[in-house]
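Spelled out, the chains give:
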Amino acid sequence: MKPLHKILINNDTSFNPVWIMRQAGRYLPEFREIRKKNPDFINLCLNHHLSTEITLQPLKRFDLDAAIIFSDILMLPYGLGQKVKFEKNFGPKLGELNLNEIAKIDEIDFVEKIHRVYKAIEKVSTDPILKNKNTIGFVGAPWTLLVYMINQQSPKKNLKKDFFKDEFLINRILLIIEKFLKIHIKNQIDNGANVIQIFDSWAGLLDEKDLPNYVYSPTLNLVNYVKSLNVPVICFPREIKNYKEFCDIIKPDAVSIDYNVDPKKILRDIKIPIQGGLDPKILLTDKETLKKEASKYLNIFKDHPYIFNLGHGVLPETDPNMFDYLVKTVKNY
Ligand code: 1CP
């Protein structure tokens, strides 16, 4: 059985597998080298030779238990025909959202536009380096994708004041997102993904009263869909105020926690396997602090099924030696 499956399916507490969000990315010089020659990020994700190579880069350096495919949650709006660009020092910029155009897209159009993501998954999952490791496929949660598609940029800068104005549009788009997310998930699994992670990076933006409509209901549909395909699913409802309620309703195979979550409290509240938590900024300190802080999570979760990870993606300014030290700390625990 593969390492993440031991935790997610068997609820094993005897060891802690480790992978890191954004483990393939800008903190690695070998990634920056490829990125420099490929200024168009979407094209890079769609180049299955390069995206496979990038996905495997961190596994060649570090003793990680899983590969996460080098792609992006915004490949979904791209596949639906919305313009998506990544601008340096700005982040994603999306084109106008046209409901009539998007409503016309069918499964064949969608898969044709992004099928090379699936080709990369196939290449990665059959690489000998993955023999005793998991291949993680992923999607953005419906709410987080809705945010980018309507807001047309990161809500970090600002969420449009009239975001919720057109309720008809929002509800139609949500249904379309959900339909194509299922197609996207199915294709990832058919090509070798054996764990699915659902990133709800902007779950924390919503008022409690809006969670059932925008987070709970569409996420539950997706989680049940992944379960029906016999693949375990991890949810990351970042900065949601009530992780316990989320888990009670959604029942994913594991929940990934952000760095504001009190690990002792969540241990009392939640029975399902837990993943992550450590603040990525700790990797910018020194080895002693890193060991102390990583051990804190390992100690707290020593009798609970726990996958080691961070509370959000690894920062671009991280020293790969510190990353290596972290992985070794977990492995030697
Ligand atoms: O070189 C660059 O400038 C590209 C930076 C980059 C990378 C490495 C982006 C742009 N996306 C990715 C890859 C990526 N994105 C992966 C696969 C690699 C891995 O994890 O090892 C994954 C899983 C994602 C998921 C993703 N994309 C999320 C969810 C996780 C999170 O960070 O909260 C989100 C919100 C995105 C959107 C996105 N794509 C890229 C950026 C900079 C962003 C965030 C923009 C914002 O803050 O709103």
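Residues numbered from 1 in each chain as written. Predicted model: local features only at pLDDT ≥ 70, side-chain atom pairs only at ≥ 80, totals over all residues. Heavy atoms only, no water.

Trainee: I'd like to hear about unusual backbone geometry, residue by residue, with values.
Mentor: The phi dihedral of N230 falls on the positive side, at around 65°, and the residue is not glycine. Position of N230 among the secondary structure elements: in the loop between helix 10 (211-228) and strand 6 (233-236). Non-glycine residue K251 carries a positive phi angle of around 50°. Within the secondary structure, K251 sits in the loop between helix 11 (243-250) and strand 7 (254-257). (Helix = DSSP H or I, 4+ residues; strand = E, 2+ residues; numbered from the N terminus.)

Trainee: Let's hear about the nonpolar core: which residues, and what values?
Mentor: Counting residues in hydrophobic clusters, the biggest one holds 122 residues, and the most contacted among them are F110, L146, F308 and L326. Ranked by the residues each element gives to this core, the list is headed by helix 9 (residues 167-190), at 11 residues. Leave out the neighbours within four places in its chain, and F308 touches P17, V18, W19, G276, L278, A294, Y297, L298, L326 and V330. (Core = buried A, V, L, I, M, F, W, Y, C linked by side-chain atoms within 4.5 Å. Buried < 20%, exposed > 50% of the residue type's maximum accessible area, 1.4 Å probe, protein only. Contact = heavy atoms within 4.5 Å.)

Trainee: An account of helix 10 is needed here, citing residue identities and associated values.
Mentor: The end-to-end C-alpha distance of helix 10, which contains 18 residues, comes to 24 Å, matching closely the 26 Å that a straight helix rising 1.5 Å per residue would cover. Among the residues making up helix 10, those that are buried are L211, Y214, V215, Y216, P218, T219, L222, V223 and V226. Buried-residue contacts for helix 10 involve helix 8 (142-151), helix 9, strand 5 (195-199), strand 6 and helix 11. Where helix 10 terminates, the next one or two residues include N230, which has phi positive at roughly 65°. (Expected span 1.5 Å × (residues − 1).)

Trainee: Can you explain the pairing of strand 6? Please cite residues and give values.
Mentor: Here is the key point about a regular strand: its side chains alternate between the two faces of the sheet. The alternating pattern of strand 6 places V233 and C235 on one face and I234 and F236 on the opposite face, and all of these are buried. As for the winding sense of the linkage, the β-α-β connection from strand 5 through helix 10 to strand 6 is right-handed. The pairing of strand 6 with strand 7 spans two bridges and is classified as parallel. Opposite I234, over in strand 7, you have A254 as the bridge partner. (Right-handed = clockwise from strand over helix to strand, strands pointing away. Pairing = 2+ DSSP bridges.)

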